[in-house]
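# Chain and residue survey
What follows is each chain in one-letter form.
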Amino acid sequence: MKLLRTELRTGFHNKLFDMSARELPNRDTVFTHNHIICELSVKSLSIGFQISGKIRATLEYNCVRCLCPCPLDLILPINLLLTQHKNGVEKQDIIHFSETQDQINLTDSIADLISLAEPMNPVCDDNCRGLCPNCGNNINQTSCECIVDTDDNPWDELKKLKLK
Ligand SMILES: [Zn+2]
Ligand SMILES: [Zn+2]
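Now for a description of the structure that goes with this document.

Procedures and definitions
- Residues numbered from 1 in each chain as written.
- Chains lettered and ligands numbered in written order.
- Predicted model: local features only at pLDDT ≥ 70, side-chain atom pairs only at ≥ 80, totals over all residues.
- Helix = DSSP H or I, 4+ residues; strand = E, 2+ residues; numbered from the N terminus.
- Buried ≥ 20, exposed ≤ 12 C-beta atoms within 10 Å, placed from the backbone.
- Pairing = 2+ DSSP bridges.
- Axes fitted to C-alpha atoms, helices over the stretch in contact; angles between N-to-C directions.
- Contact = placed C-beta atoms within 7 Å.
- Arc of directions from axis to C-beta.
- Core = buried A, V, L, I, M, F, W, Y, C linked by C-beta atoms within 7 Å.

In terms of regular secondary structure, the chain is built from three helices and seven strands. Mapped from its N terminus to its C terminus, the chain presents α and β elements in the order β-α-β-β-β-β-β-β-α-α. Per-residue burial over the chain gives 15% buried out of 164 residues.

Strand order in this open sheet of five strands is S2-S3-S4-S5-S6, and the pairing throughout is mixed. On the outer flanks of this sheet lie strand S2 (15-20) and strand S6 (94-96), each paired with one strand and no other. Averaged over all pairs of adjacent strands, the angle between their axes in this sheet comes to 35 degrees, without regard to strand direction. By the bridge criterion, six bridges tie S2 to strand S3 (residues 35-45) in an arrangement that is antiparallel. The residue bridging Leu16 from the neighbouring strand is Glu39, located in S3. Helix-sheet contacts for helix H2 (residues 107-116) involve strand S4 (48-62), strand S5 (69-83) and S6, and the interaxial angle to S5 is about 135 degrees.

Phi at Asp28 is positive, roughly 65 degrees, even though this residue is not glycine. With respect to the element layout, Asp28 can be found in the loop between S2 and S3. A tally of 6 C-beta atoms within 10 Å means that Asp28 is categorised as exposed. In the Ramachandran plot, Leu67 falls in the positive-phi region, its phi being about 70 degrees despite a non-glycine side chain.

Given 3.6 residues to a turn, an α-helix orients residues that are three or four positions apart in the same direction. Those residues of H2 not exposed but buried are Ser109, Ile110, Leu113 and Ile114. Angularly, the buried residues of H2 cover 130 degrees about the axis, an arc narrow enough to put them on a single face. Of the residues in H2, the exposed ones pointing more than 90 degrees away from the buried face are Asp108 and Leu116. The secondary structure elements touched by the buried residues of H2 are S4, S5 and S6.

Looking now at the environment of Gly130. Turning to its location among the elements, Gly130 is positioned in the loop between H2 and helix H3 (154-163). By the C-beta count within 10 Å, which is 16 here, Gly130 ends up partly exposed. In this structure the C-alpha to C-alpha distance between Gly130 and Asn140, which are 10 residues apart in sequence, comes to 6.8 Å. Residues within four places of Gly130 in sequence aside, it is in contact with Arg65, Cys66 and Ile139.

Core analysis: the largest hydrophobic core is formed by 20 residues, its most contacted members being Ile51, Ile55, Ala57, Leu82, Ile104 and Ile110. Contributions of two or more residues to this core are made by S3, S4, S5 and H2. Of the residues forming this core, the biggest block, five residues, is contributed by S4. The contacts of Ile55, once residues within four sequence positions are left out, are Ile36, Cys38, Leu76, Ile78, Ile110 and Leu113.

Spelled out as structure tokens, the structure:
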């Protein structure tokens, strides 16, 4: 997504930008919808522009317990400083925007922001019961006849203690 210097100068408030997930550099993120909506405001500063607002995207994961695909709606705050100063440009939320540039591309920053927000161990539901370790059935959808010793029986630990 590109912002023009002229539109930054004119200013905008809670403006909606519709971008395509395909525009983003690949960070191995899987998007359920190709649409990413950015609602952005700009503030002019003596050293550049402050961009703030939020990004909405829907990502797709596989639940770590039952392996089902589960969409995840993300609403992420975004805060970027576009500045002509080169100092501190390495910081993630600061983008160097030289005075000779007519436009600035935010796709890298947006891709980073989304990839940082990805959950490590996504579950489709906090109560997801996962797959049966014996027959592999999804226990959320079908019950099976297997009798499985679950490791998370709280009494197991107690039994071990008594044996010692
Ligand atoms: Zn699940
Ligand atoms: Zn089973």
